[in-house]
Amino acid sequence: MIKPVINGTWSDGKTSSVVDCQLAYDSEGRISLNGDVEKHCAFSDLKLSPRVGNTARYIEFEDGSVFETRDNDAVDTLLQTLSDSRFHNIAHRLESSKRLVFVTLIVILLFSWMFIQFGIPHFSRQIAFMFSPEQTRYLGKDVLATMDEHLLDVSTMSEAKQTYLRSVFDEIAESVDRPDLTIVFRHSKKIGANAFALPDGTIVFMDELIDLSGNIDEVISIMLHEIGHVQNRHSLRRAIQGFSLAIFVAVVTGDVSTSSTIITGLPVLLVESGYSREMETEADTYSLQYMLQHNIDPVHFANIMTRIEHTRLPEYRSCVDDGEPANVCMDRILQQDSPLQKDDSAITGYFASHPGTEERIARFRQYAIR
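What you see is a predicted model, and the numbers here were worked out from it, not measured in a lab. (Residues numbered from 1 in each chain as written. Predicted model: local features only at pLDDT ≥ 70, side-chain atom pairs only at ≥ 80, totals over all residues. Heavy atoms only, no water.)

(A) Structural context of the pattern of salt bridges. By the definition in use, this model includes 13 salt bridges. For the salt bridge of Arg360 with Glu280, the shortest nitrogen-to-oxygen distance reads 3.3 Å. Within this pair, whereas Arg360 is found in helix H16 (residues 357-366), its partner Glu280 is found in helix H12 (residues 277-293), the two being separated by 80 residues in sequence. Relative accessible area serves as the criterion here: at 7%, Arg360 is assigned to the buried category. It is possible to trace a salt-bridge network through shared partners that takes in Arg51, Arg57, Asp73 and Asp76. (Salt bridge = Lys/Arg side-chain N within 4 Å of Asp/Glu carboxyl O. Helix = DSSP H or I, 4+ residues; strand = E, 2+ residues; numbered from the N terminus. Buried < 20%, exposed > 50% of the residue type's maximum accessible area, 1.4 Å probe, protein only.)

Structure representation (structure tokens):
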């Protein structure tokens with residue numbers, strides 16, 4: 001009987017030297033190497049690498065020596081003749097099937113979308129509430145410092161006004177049993193009329209937002225909204241979501257640099273990326289319930305939201321850029337009854353990260369005290 005032969009090279013597994021040889025076998029499972037090396041063994045003593053495309057195949061002997069060949073078809077024939085397993089070369093068979101590759105790709109994309117859309121937000125919520133207040137303060141302690149270095153300027157408000165607003169905020173924080181919360185004031189032309197909560201419980205108010213308000217109750221309504229974000233740990237959840245997404249991308253693509261990019265960009269992420277509609281609804285509900293319980297008319301929140309919405313108009317931005325106070329520019333815009341732009345891409349300032357504005361305004365006006 002003529003033995004099938006597979007051409008290749010052999011190495012002892014200890015040095016880099018290789019020799020040309022042929023691997024032969026018979027139907028009884030006897031294996032022999034012929035040529036510049038002589039070797040005999042049983043098929044059961046071998047370890048064969050799986051077929052991956054047209055890459056070389058490796059057949060390892062018990063003593064660690066290796067036979068290498070690029071004749072994949074010949075190795076497949078060897079396996080079909082002597083192996084009892086039905087699963088040999090399953091990876092090659094799967095990758096050779098265009099239909100299976102297409103179906104697998106669709107399944108992976110669908111799973112990835114569901115995990116990012118639903119899985120990461122769900123687990124981030126569970127993880128966020130596992131952190132103690134001390135841990136959240138530690139996680140967010142450097143965020144404001146980084147923002148001050150790259151995004152924010154010192155507040156231009158008078159010390160007397162800042163002191164008054166802090167006293168109002170501290171009174172609210174005490175009433176909700178969160179004396180650890182802190183409010184700070186900053187100035188930033190880039191951010192504009194905005195306020196945001198950091199993971200450590202620090203709430204940052206921009207000067208322009210204070211200037212834009214018509215009365216203290218409007219400011220209080222925004223304070224309550226941001227406290228709602230802190231109470232529901234929205235900033236921390238967003239940070240966890242960002243880290244989780246980075247890890248997921250790194251696992252899928254092998255690009256570890258993505259993780260470090262998101263981590264170093266966390267301050268910008270907290271300012272410019274949006275809360276989900278669910279998070280906004282939770283913060284709105286918190287603010288609305290507090291206002292109703294403490295006899296503060298919810299219309300104040302609707303009014304300040306309407307004012308902030310009008311900051312999208314180019315006429316307002318031009319007025320502010322010319323050095324006019326924000327409230328003066330807003331009064332001028334409201335007197336002109338300028339129509340709002342409907343292009344979402346034009347949204348700037350506070351509502352760049354606060355979606356569903358019209359519905360939210362309508363909700364608070366519905367509960368207005370008449």
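(B) Region of interest: the sheet that holds strand E8 (residues 153-154). Spatially, the four strands line up as an open sheet ordered E8-E9-E11-E10, and their pairing is mixed. Across the chains shown, the open sheet's two edge strands, defined by having one partner strand only, are E8 and strand E10 (195-197). Here E10 runs beside strand E11 (residues 202-206); their pairing, made up of three bridges, is antiparallel. Its bridge partner lying in E11, Phe196 is registered against Val204. Sheet strands in contact with helix H6 (residues 159-175) are strand E9 (182-187) and E11, and its direction is about 145 degrees off that of E9. Sheet contacts for helix H8 (residues 216-231): E9, E10 and E11; angle to E11, the most-contacted strand, approximately 145 degrees. (Pairing = 2+ DSSP bridges. Contact = heavy atoms within 4.5 Å. Axes fitted to C-alpha atoms, helices over the stretch in contact; angles between N-to-C directions.)

(C) Examining the packing of helix H13 (residues 299-310) against H16 more closely. Interaxial distance between H13 and H16 falls to 7 Å at its minimum, and their mutual angle equals 155 degrees. In terms of their interaxial angle, H13 and H16 are classed as roughly antiparallel. Of the two elements, H13 crosses H16, and the hand of that crossing is left-handed. Contacts between H13 and H16 involve Val299, Phe301, Ala302, Asn303, Met305, Thr306 and Glu309 from the former and Thr357, Arg360, Ile361, Phe364 and Arg365 from the latter. Among the residues forming the contact of H13 with H16, the class breakdown is six nonpolar, three polar and three charged. (Parallel < 35°, antiparallel > 145°, perpendicular 65-115°, else oblique. Left-handed = near helix turned anticlockwise from the far one by under 90°. Nonpolar A, V, L, I, M, F, W, Y, C, P; charged D, E, K, R; others polar.)

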